[in-house]
Amino acid sequence: MTLKQVLLSVLLVWNIVVLCAYGLDKHKAIRHRRRISEKTLLFQTLILGGIGASLGGAVFRHKIKKWYFKLCWLLGLLNDFVMLYLILTKLSD
C-alpha cells in the first residue's frame, strides 16, 4: 500500500467515525441519554471530519439549526478538500 492509499484510507475511516458519532449522539438525544458534547462533535468536524459531519447532519437531521455547526461543517469540508487535493496531487503513486 502506498502512502497515498494509506492517507486516503485514514481520511475515509475518520469521516465514517465522525458520521457514526453524529448518529450516536442523535440516538442518545432521542432516548434522553447522556450525549456527546458539542465541543467534541465540533472538534471532530474541524480535524478533517467535515465530510462525515456534514453527512451526519443531513442524514440524521442533527444540529442543523445551530449556526456554529453549519460554520464548522463548511470549515471542515474546506479542510477535507484541501487535504484531498494535497494527497491526490502532491504525493506520487
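Details of the structure are given in the entry above.
Cut-off values and rules
- Residues numbered from 1 in each chain as written.
- Predicted model: local features only at pLDDT ≥ 70, side-chain atom pairs only at ≥ 80, totals over all residues.
- Heavy atoms only, no water.
- Salt bridge = Lys/Arg side-chain N within 4 Å of Asp/Glu carboxyl O.
- Helix = DSSP H or I, 4+ residues; strand = E, 2+ residues; numbered from the N terminus.
- Buried < 20%, exposed > 50% of the residue type's maximum accessible area, 1.4 Å probe, protein only.
- Polar contact = N/O pair within 3.5 Å; in protein donor to acceptor, adjacent residues only side chain to side chain.
- Patch = residues over 30% accessible without salt bridge, like charges linked within 9 Å, V, L, I, M, F, W, Y side chains within 5 Å.
- Areas by Shrake-Rupley, 256 points an atom, 1.4 Å probe, with all protein chains shown as cover.
- Axes fitted to C-alpha atoms, helices over the stretch in contact; angles between N-to-C directions.
- Parallel < 35°, antiparallel > 145°, perpendicular 65-115°, else oblique.
- Contact = heavy atoms within 4.5 Å.
- Nonpolar A, V, L, I, M, F, W, Y, C, P; charged D, E, K, R; others polar.

### Digging into the pattern of salt bridges
Reasoning step 1: This model, assessed by the stated rule, comprises 3 salt bridges.
Reasoning step 2: Notably, a salt bridge pairs aspartate 25 with arginine 35, separated by 3.1 Å at the nearest N-O pair. Of this pair, aspartate 25 sits in helix α1 (residues 3–30) while arginine 35 sits in the loop between α1 and α2 (38–46), and the two are 10 residues apart along the sequence.
Reasoning step 3: We classify arginine 35 as partly exposed; its relative accessible area is 37%.
Reasoning step 4: When the shortest N-O distance is used, the salt bridge between lysine 63 and glutamate 38 registers 3.0 Å. A residue pair is termed long-range when its members are at least 10 positions apart, and lysine 63 in the loop between α3 (50–60) and α4 (67–90) and glutamate 38 in helix α2 qualify at 25 residues.

### Details of the side chain of lysine 63
Reasoning step 1: On the accessibility criterion, lysine 63 (13% relative accessible area) is buried.
Reasoning step 2: Of the polar contacts made by the side chain of lysine 63, one reaches the side chain of glutamate 38; its length is 3.0 Å.

### Considering a nonpolar patch on the surface
Reasoning step 1: There is a patch of nonpolar side chains on the surface, built from Leu46, Trp67, Leu71, Leu75, Leu78, Val82, Tyr85 and Leu86 and spanning about 780 Å² of accessible area.
Reasoning step 2: The biggest single contributor to the nonpolar patch is α4, with 7 residues.
Reasoning step 3: With respect to the element layout, leucine 71 can be found in helix α4.

### Topic: the packing of α2 against α4
Reasoning step 1: Where α2 contacts α4, the axes come no closer than 8 Å and their chain directions differ by 25°. It follows from the interaxial angle that α2 and α4 lie roughly parallel. Here α2 contributes Glu38, Leu41, Leu42, Thr45 and Leu46 to the contact with α4, which in turn contributes Tyr68, Phe69, Cys72, Trp73, Leu75, Gly76 and Asn79.
Reasoning step 2: Tallied by class, the residues present in the contact of α2 with α4 amount to 8 nonpolar, 3 polar and 1 charged.

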